[in-house]
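A structural walkthrough
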Amino acid sequence: MQLNCKVNGKACCFEIEPNEMLADVLRREGYRGVKVGCREGSCGACSVMFNGKPRNSCITLAAMAEGADIMTVEGLGTPDKPHLLQSCYVKHGAAQCGFCNPGSLISAKYLLDNNPNPTEDDVKEALDGNLCRCTGYIKRIEAILDAAQQMKKSAKSTRGKK
Amino acid sequence: MANTTKKTTAKKAAPAKTVKAVKATKTTAKKSCKKPTAAELKAAQEAKEAATFKVHSAPVKNVVEDAPLFFEKKLPQKDTLQVGYPLEKVDAMGLVTGTQKYVEDIDMPQNLLHIKVLGSPHAHAIIKKIDVEEARKMPGVVAVYTYKDLPRVMRTTAGQGFPEPSPYDTPTLDQKVRYVGDRVAVVAAETEAQAEEACRNIAKHVEFKVLDPVLDTEEAMTSKSIIHDEKDAYAPIPIFYDPKHNHCSHVETSCGEGKNGVADMEKGYKDADVVLERKYYPHYAQHCPMEPHVCMSWLDENNRLVFRSSTQVPWHARRIMAQTLQIPLKRIRVIKPRVGGAFGTKQEVLLEDVCGFVTLRTRRPCIYRMTREEEFMESRTRHPMVVKIKMGAKKDGTITALSMRIISNTGAYGSHALTVLSNCGSKVLPLYHANNIEFIGDTVYTNLPVGGAYRGYGATQAAFGTESMMDEMAEAIGMDPIKFRQLNHIKPGESSPIIKALGEGREGVEMIITSVGLPECIEKGKKIIDWDKKTKAYKKQNATNPTKKRGLGMCCLMQGSSIPEVDMGSVLIKMNEDGSFNMNLGATDLGTGSDTVMAQIAAETIGCKHSDIIVYSSDTDMTMFDVGAYASSTTYLTGGATINAAKKVRDQIVSVAALIMGEDVANVTIKDSVCYGKKTKKKVTFSEVANTALYGGENVKKMFQVGAIGSHISHASPPPFAAHFAEVEIDTETGDIDLLHYVAGCDCGTAINPQLALGQVQGAAMNAISFALTEEYMFDKKGRMQNPTFANYKIWTARDIKKLDCFLAESYEETGPYGAKSVSEININGGLPAIGNAIYNAIGVRLTRPPYTPEKILAAIKAKKAEEAKASKAPAKKAKK
């Protein structure tokens, strides 16, 4: 069957099997930033933005994505033009093995999209679905708080210019 | 090599060996962990001076590279430009944008086969009948193998140096299955679903003769059920191995006040004011890397077998595959791309054999990835143990006797069985002075999941025992637990006979400890957690608050840095026209950041920026040999190799620059990729040097590639130190435990990259906490794990942390590259003892069977109350009399 959806802003048409999971389809189509760590919806490495909300793509049937607007980590930013969150992850040393980073970045983006002024507890809550065994989460929390701070500052300065 | 391997592990009835091992340590003085004599110190100093190597004048004496005992004398931190700074992790941007490639992230080869393995439903059984004919004819199925189809090669899956100290007890497939999940049959099919379907079909056509499983660690050696009754299991090095009694390894040693320096435990206990004996039961755990084990293989254009594997040990994997698949080593190439976490579980050559057989026989590429469930049940685990500690101490704090007896459960196969066991002693016992020390350890086989290397590697389990005992003893002799530790912990200039007595499958290497940052770890940690004030306040508070009890606990830790005179690492550095360098190294960055650390060390030594070093790791065809990422070795060991290679490259650059400038070699200095001539006042860039070397110049007619290989072995394994602190609140009505604050301070020598080093401390501390509080293997009565999912095996998330403070207390380790020693493993050892001690200080109950779940805490509180009620009745009667 065919799946029509938008991935990272681009309209796509994928040939899929009815029982295929979204994570597998995305990976097959080249979005390999989507990682699969558990296939039970527990680790969050496969998180993608699905119509504006983070979703575990390993337990989402690809067919359910018909008409959906999907963003993977590749859509967040590239090495040449990284998203502020990605730059902050690098700056704070939040990437160790990095396998869980794409998923947690999607969760972090959702947080900042909806809460420009997050507290440390808000960040912890937002990352609850993204397991990481390397970092102890500390540097990642610092990175996200830093990104929020910088976003606020730049928002203020652009307002000031107006 | 086998001839030089000394036998340190003797049967119980062979004390002569033990005596010999101890004799060599010359410990006949009163204190077993005595300070070295002036003569010994002088000899060590002379050896050090003789071996100190200078950066610019290294005449080649021998084709065999001298491994330096010590590196260039202390370089003050301020003078370094690349080492000691939180520089950007070289692969970070690729990791966070999803461009870095893990095993599965390449375009899959055409004709890729998917492998599934049918696991045993029984913990202990013999395959009586297996019929795979139907499965072979199923759609999409290309190959099905059972024990009848593959050559029986006994080897170990433990990726260790050759010859391995782990027994050869694991064929690829066997007629006997030894734990739930043990391999029954291998299927390769066009799709994963087809392979799974075939496995289900085979499951219907297997008949087992079910045997009694061995499930209890303490009863394993006397069980009538023998797990490895096959005739062909053996230990490849001369060590104790008695599978007929489920007895996989035995280590014993002692040192102290007895004849010839052995321990006189009786005297030790007699000299003590208090003698305590306790048993602790550190539990099963899984590493839980976010990327499960995964391996691909294919035949290349030259008919060579290529593995792309998520491994910590590419070279051991290549060697073990040559052995298992019975093909020449030269036909095998192992590529390690980015690895999604490992923590020891990928020091195991687990999937490559199956992939290799499928590819060789079908001539098709294949992939075998473990599911999360298989990862829990069929990969590797932390060896659970029974740790018996007996300690005697005087009221003044002198430890007169310390006995550690361990029974380690290696599960169905003996992976890392001996070495994890000996590390229980060698990475824990040297921490404290004791007049008499004995270590007696046994590893047993059971029909449970297989143990393996796991961050901490035995020290985690043993430190739980000693550090709990330190607290119990301090209380018993009426001394502050921190003071008791400060009084007894090892100091700079001291050694411990245990270090020499316990190596890995052979004797250890004698070592004088030179860098000890433990006092700072303790002092700073105390301050951060507000130890003095809170311990007093909580005593009062607990007396008045009936349901909410608070307590603080702490522990001290040590580990090692590489396996001395066993491990080797090597590095190749070559220069490019723009003054950048390729650095190809075998050391396997698993996410730890070792690629970055090596780039910083190379850049510091050469005189450029770390971003000018292009790091590639690891590939058995393309990069230099390295034993792999384990034993806390990479920074310390491969860092040494990096310095060795970088120094040679620097010398070459200097010689070319000197020719260009018409300057004397001795007068050339380097800074920021520019060479300066002292006399001529000329300067020449790295780019000019490289172009001249490659294409020639006015004074340079003999062109050559600027580049060099450096190797390194270590002669010591300097321990990093750490102090951990925990603050808990316990609800005595529900048993609920709240970890309010956790503090981990670590002395890792120089932190080459403080940000990455701190990340190692934080990650390990979090894993330690999670292990202590929630992670648990639950088995049914037949030995099947009941909770092999993240939903039911709880690892901590960001939301579970209240407050975690980690810090580095740097020291300078003279034998390490730029003063560095290890940092990666040690901090996983603190969770069990620090939190256990805090629980005791809160509610007066000591839990010896972690994890410390509310159920266990509540049960312990109830048991204590019942005991108190009983006791209060008894003295009441006495008083009447």
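Residues numbered from 1 in each chain as written. Chains lettered and ligands numbered in written order. Predicted model: local features only at pLDDT ≥ 70, side-chain atom pairs only at ≥ 80, totals over all residues. Heavy atoms only, no water.

**Quick look at the domain arrangement of chain B**
Residue and element names in this part refer to chain B. This is how it is decided: These domain boundaries are the output of an automatic or database domain assignment. Should any heavy atoms of two residues lie within 4.5 Å, those residues are considered in contact. The buried area of a pairing is the accessible area, by a 1.4 Å probe, that goes missing from both parts when the two are put together, added over both. For salt bridges, the criterion is a side-chain nitrogen of Lys or Arg within 4 Å of an Asp or Glu carboxyl oxygen. Under the rule applied, a polar contact is a pair of N or O atoms within 3.5 Å (in protein, one hydrogen donor and one hydrogen acceptor; residues adjacent in sequence only if both atoms are side-chain atoms). Under the scheme applied here, ten amino acids are nonpolar (Ala, Val, Leu, Ile, Met, Phe, Trp, Tyr, Cys and Pro), four are charged (Asp, Glu, Lys and Arg), and all others, including Gly, are polar.
Here chain B is described as being made up of domain 1 (77–100 + 568–713), domain 2 (103–211 + 286–378) and domain 3 (514–554 + 716–881). On a C-alpha basis, the centres of domain 2 and domain 3 stand 38 Å from each other. Across the boundary between the two partners, domain 2 contributes 10 residues, which contact 11 residues of domain 3. Buried surface at the junction of domain 2 and domain 3, both sides included, amounts to about 970 Å², of which 65% is carbon and sulfur. Where domain 2 meets domain 3, there are 0 salt bridges. If you look at where domain 2 meets domain 3, you find 2 residue pairs in polar contact (both at pLDDT 80 or more). Residues that form the side of domain 2 that touches domain 3 fall into these classes: 7 nonpolar, 1 polar and 2 charged.

**Concerning helix 17 (residues 634–661) of chain B**
Residue and element names in this part refer to chain B. To keep things clear, this is the line we draw: Only DSSP runs of H or I reaching four residues or more are called helices, and only runs of E reaching two or more are called strands; each is numbered from the N terminus. The span one expects for a helix is its residue count, reduced by one, times 1.5 Å. Type-normalised accessible area, obtained with a 1.4 Å probe on protein chains alone, sets the label of each residue: buried when under 20%, exposed when over 50%, and partly exposed for intermediate values.
Its 28 residues give helix 17 an end-to-end C-alpha distance of 38 Å, which sits within 8% of 40 Å, the value for a rise of 1.5 Å per residue. Most of helix 17 is tucked away, with 22 of its 28 residues classed as buried. After helix 17 finishes, the residue glycine 662 shows a positive phi value of roughly 65 degrees.

**Observations regarding the state of the cysteines**
The condition that has to hold: For the purposes of this analysis, a disulfide is any pair of cysteine sulfur atoms at a distance within 2.5 Å.
Going through the model one piece at a time under the given rule, you end up with 0 disulfides over all chains. Free cysteine: cysteine 97 of chain A, not disulfide-bonded; nearest cysteine sulfur from cysteine 134 of chain A at 3.8 Å.

**Let's talk about the nonpolar core**
Residues and elements named next belong to chain B. Note the cut-off: Among buried residues, those of type Ala, Val, Leu, Ile, Met, Phe, Trp, Tyr and Cys that are joined through side-chain atoms within 4.5 Å constitute a nonpolar core.
Counting 178 residues, the largest nonpolar core has Phe484, Tyr742, Ile835, Ile839 and Tyr852 as the members making the most contacts within it. Take this core: its biggest share by element is 11 residues, from helix 19 (residues 754–773). With near-sequence residues (within four places) excluded, tyrosine 742 lies in contact with His724, Phe725, Ala726, Ala765, Ile769, Lys803, Leu804, Asp805, Gly830, Gly831, Ala834 and Ile835. In this structure, Val597, Ala645, Ile670 and Val684 belong to the second largest nonpolar core, which totals 43 residues.

**As for the interface of chain A and chain B**
Where interface size is given, it is often the accessible area lost as the parts come together that is meant. Taken residue by residue, the interface counts 45 residues in chain A and 50 residues in chain B. Between chain A and chain B the total buried area reaches about 3900 Å² when both faces are included, carbon and sulfur atoms providing 58% of it. The largest per-residue losses of area from chain A upon contact with chain B belong to Val90, Gln96 and Arg133 of chain A, which jointly make up 21% of the total buried on that side. There are 6 salt bridges connecting chain A and chain B. For aspartate 105 of chain B, the salt bridge is made with lysine 35 of chain A, and the minimal N-O distance between the two is 2.4 Å. Here chain A and chain B share 28 residue pairs in polar contact (both at pLDDT 80 or more) between them. Those elements that place two or more of their residues in the side of chain A that touches chain B are helix 2 (73–76), helix 3 (84–91), helix 4 (101–114), helix 5 (120–126) and helix 6 (138–161) of chain A. The element contributing the most residues to the side of chain A that touches chain B is helix 3 of chain A, with 4 residues. Of the residues in the side of chain A that touches chain B, the class split is 21 nonpolar, 13 polar and 11 charged.

**Observations regarding helix 7 (residues 314–325) of chain B**
Residues and elements named next belong to chain B. In a regular helix each residue adds 1.5 Å, so 12 residues correspond to 16 Å; helix 7 covers 16 Å between its end C-alpha atoms and thus fits that length. With 11 of 12 residues buried, helix 7 is to be regarded as a mostly interior element. Turning to helix 7, its buried residues number three or more, namely Pro314, Trp315, His316, Ala317, Arg318, Arg319, Ile320, Met321, Ala322, Thr324 and Leu325. Two residues or fewer past helix 7, glutamine 326 is found with a positive phi of approximately 55 degrees.

**Looking at the packing of aromatic side chains**
Keep this limit in mind: Planes of paired rings set the category: under 30 degrees apart is stacked, over 60 is edge-to-face and the rest tilted, where pairs are Phe, Tyr or Trp rings (Trp by its six-membered ring) whose centres lie within 6.5 Å.
Tallied over the entire structure, the rule returns 15 aromatic pairs over all chains. Pairing phenylalanine 99 of chain A with tyrosine 102 of chain B gives two aromatic rings, centres 5.1 Å apart and planes at 85 degrees, and the pair type is edge-to-face. Here phenylalanine 99 of chain A, found in the loop between helix 3 and helix 4, pairs with tyrosine 102 of chain B, found in the loop between helix 3 (92–97) and strand 1 (113–119), and the two come from separate chains. The exposure classification of phenylalanine 99 of chain A matches that of tyrosine 102 of chain B, with both residues buried. Their ring planes at 80 degrees and their centres at 5.9 Å tell us that phenylalanine 376 of chain B and phenylalanine 790 of chain B sit as a pair that is edge-to-face. Here phenylalanine 376 of chain B is found in helix 9 (residues 372–378), whereas its partner phenylalanine 790 of chain B is found in the loop between helix 19 and strand 26 (804–808), with 414 residues between them in sequence. The pair formed by phenylalanine 376 of chain B and phenylalanine 790 of chain B is uniform in burial state, with each residue classed as buried.

**Here we look at the pattern of salt bridges**
Residue and element names in this part refer to chain B. Applying the stated criterion across every chain yields a total of 56 salt bridges over all chains. Note that glutamate 207 and lysine 129 form a salt bridge whose closest N and O atoms lie 3.8 Å from each other. Of this pair, glutamate 207 sits in strand 6 (residues 206–210) while lysine 129 sits in strand 2 (residues 125–130); the two residues are 78 residues apart in sequence, bridging distant segments of the chain. The class of glutamate 207 is partly exposed, set by a relative accessible area of 37%. Within the structure, one salt-bridge network assembled from shared partners comprises Glu104, Lys116, Glu192, Glu196 and Arg369.

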